Amino acid sequence: MSGILYLVATPIGNLEDITLRAINILKEVDLIAAEDTRHTLKLLNHLNISKPLISYHRHNEEVKSDIIIEKLKKGENIALVSDAGTPVISDPGEEVVKEALKENIKIIPIPGACALINALIASGLDAKEFAFYGFLSTNKKLKKEKLEEIKKEKKTSIIYEAPHKLLDTLKIIEEIFENRKIVIARELTKIHEEFISGTASEILEKYNEPKGEHIILIEGNKLQENSEKNILNNMSLEEHYNYYEKQGLIKNEIIKKIAKDRNVNKNEIYKYFIKNK
Ligand code: SAM
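Just so you know, these numbers come straight off a predicted model, no measurement behind them.

Engineer: Could you give an account of the overall build of the protein, naming the residues involved and the relevant values?
Structural biologist: From N to C terminus, the protein includes 12 helices and 10 strands. Expected size for 277 residues packed as a compact globule is a radius of gyration near 19 Å; at 23 Å, the protein overshoots this value by more than 25%. When its C-alpha atoms are laid out on the principal axes, the protein stretches across 70 × 50 × 35 Å. The contacts of the protein with a sequence gap of at least 6 include a subset with a gap of at least 24, amounting to 67%. Entry remark: accessible area of the protein is about 15,800 Å², with carbon and sulfur atoms responsible for 49%. For the protein, the distance from the average site of its 43 positive side-chain charges to the average site of its 44 negative ones is 4 Å.

Engineer: Give me the domain arrangement of the protein: which residues, what numbers.
Structural biologist: In terms of domain boundaries, the protein breaks down into domain 1 (4-113), domain 2 (116-220) and domain 3 (224-276). The interface of domain 1 with domain 2 comprises six residues on the first partner and nine residues on the second. Summing both partners gives a buried area of about 540 Å² for domain 1 against domain 2, and 61% of it is carried by carbon and sulfur. The three residues of domain 1 that bury the most area against domain 2 are Ile-12, Ile-89 and Ser-90, which together make up 71% of that side's buried surface.

Engineer: So what's going on with the site of the ligand? Residues and values would help.
Structural biologist: Every one of the 19 residues lining the ligand counts as a neighbour, but Thr-86, Ile-89, Asp-91, Tyr-160 and His-214 are closest to it. Between the ligand and Ile-89 there is a distance of 2.8 Å, counted from a nitrogen atom to a backbone nitrogen or oxygen. Asp-91 has a polar side-chain atom sitting 2.8 Å from a nitrogen atom of the ligand. Contact with the protein chains covers 92% of the free accessible surface of the ligand, which is 570 Å².

Engineer: Explain the side chain of Glu-35 residue by residue, including any values.
Structural biologist: Inspection of the secondary structure assignment puts Glu-35 in the loop between strand E2 (31-34) and helix H2 (37-46). Buried and unpaired, Glu-35 has no salt bridge, with Arg-58 as the nearest side chain of opposite charge at 4.4 Å. A polar side-chain atom of Glu-35 sits 2.8 Å from the main-chain amide nitrogen of Asp-83. Contact partners of Glu-35, with chain neighbours within four places excluded, come to Tyr-56, His-57, Arg-58, Val-81, Ser-82, Asp-83, Asp-91 and Pro-92.

Engineer: An account of the pattern of salt bridges is requested, with residue identities and associated values reported.
Structural biologist: One pass over the structure, following the stated rule, counts 14 salt bridges. When the shortest N-O distance is used, the salt bridge between Arg-38 and Asp-36 registers 3.7 Å. Judged by its relative accessible area of 23%, Asp-36 is partly exposed. A salt bridge links Lys-143 to Glu-161; its shortest N-O distance comes to 3.1 Å. Note that Lys-143 is positioned in helix H6 (residues 140-151) and Glu-161 in strand E7 (residues 156-161), a separation of 18 residues in sequence. Pair check on accessibility: Lys-143 and Glu-161 agree, each one buried. Here the salt bridges do not stand alone but share partners, grouping Glu-70, Lys-73 and Glu-103 into one network.

Engineer: Quick one: what's the story with a nonpolar patch on the surface, residue by residue and with numbers?
Structural biologist: Side chains of Ile-117, Ile-121 and Phe-130 sit close together on the surface and give an oily, nonpolar patch of about 270 Å² of accessible area. For Ile-117, the location among the structural elements is in helix H5 (residues 115-121). The exposure class assigned to Ile-117 is partly exposed, which follows from its relative accessible area of 36%.

Engineer: Tell me about the sheet that holds strand E8 (residues 182-186), and please be specific about residues and values.
Structural biologist: Spatial strand order, E6-E7-E10-E8-E9: five strands in an open sheet with mixed pairing. Whereas interior strands pair on both sides, the edge strands pair on one side only; in this sheet they are strand E6 (130-135) and strand E9 (194-198). The mean inter-strand angle of the sheet, taken between neighbouring strand axes irrespective of direction, is 15 degrees. Taken strand by strand, H6 contacts E6, E7 and strand E10 (214-218), and its axis lies near 160 degrees from that of E7. Along the sheet, helix H7 (residues 163-177) contacts E7, E8 and E10; its crossing angle with E10, the most-contacted strand, is approximately 10 degrees.

Conventions and cut-offs
- Residues numbered from 1 in each chain as written.
- Predicted model: local features only at pLDDT ≥ 70, side-chain atom pairs only at ≥ 80, totals over all residues.
- Heavy atoms only, no water.
- Helix = DSSP H or I, 4+ residues; strand = E, 2+ residues; numbered from the N terminus.
- Rg over C-alpha atoms; globule rule 2.2 N^0.38 Å.
- Contact = heavy atoms within 4.5 Å.
- Areas by Shrake-Rupley, 256 points an atom, 1.4 Å probe, with all protein chains shown as cover.
- Lys, Arg positive; Asp, Glu negative; His and termini not counted.
- Charge placed at Lys NZ, Arg CZ, Asp CG, Glu CD.
- Domains from an automatic or database assignment.
- Buried area = accessible area lost by both parts, 1.4 Å probe.
- Near = heavy atom within 4 Å.
- Polar contact = N/O pair within 3.5 Å; in protein donor to acceptor, adjacent residues only side chain to side chain.
- Buried < 20%, exposed > 50% of the residue type's maximum accessible area, 1.4 Å probe, protein only.
- Salt bridge = Lys/Arg side-chain N within 4 Å of Asp/Glu carboxyl O.
- Patch = residues over 30% accessible without salt bridge, like charges linked within 9 Å, V, L, I, M, F, W, Y side chains within 5 Å.
- Pairing = 2+ DSSP bridges.
- Axes fitted to C-alpha atoms, helices over the stretch in contact; angles between N-to-C directions.

The structure is reproduced here in structure tokens:
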């Protein structure tokens, strides 16, 4: 019988952010596949765990996936970890997950730290829906094109950025987004953790030497959302209802949406439709 592939999240700074389950899995598996074995060794030493390690990083993903799959097929249980946070998220792992699924190998995610989620929840920006872009291209033209696309996005956008590129990226954001609210989440879970918010210009003014790890969060495009709301609110209630009905929503959902768009109590809308529908 095949072994299990565990995708184990590790801390993004503070070593206390490892779960009991993650520790137990790291103790129990036969092998740990690590993005950087020296880095993971430090964590394992801290946890008093001694295990064979195999390297699995961006440049050897394909070859190492084959080796890992062969071992799993022979019945070995393997934990995959990245240097920090959740594997696969802007980190190696996707290739071996896809290959393991083809071979019907069981995959179990072991949850834990993930930088983008912690940045989002404390940013104060809308968190019901969000768009994560990982690292943008290092090519300036492609980066600008992507940021132009992000400008239209109504959801909160989240971008990972290397510290030495942060100021350049903020300057492009300043050009493209003008007065849009930005939040920089820096050094999460570490001593110098901070959240800096303002327009890109305001952030650039007070922030000239970025050190450590950063995430850029960009408020969603409210203009587009507001103009859409205006169009909907200028419709009759029946037209507004039909608009959502065509999207496949059921009566209760439609009533909630209309009440939200029009900023009124949903009972008022409900009463109207009891009388008129
Ligand atoms: N897999 C990781 C995760 O679960 O978030 C992400 C790894 S990715 C290679 C590294 C990027 O994540 C950094 O450049 C930074 O943008 C973000 N990041 C990771 N740790 C962070 C931290 N402690 N504070 C702020 N950003 C962090």
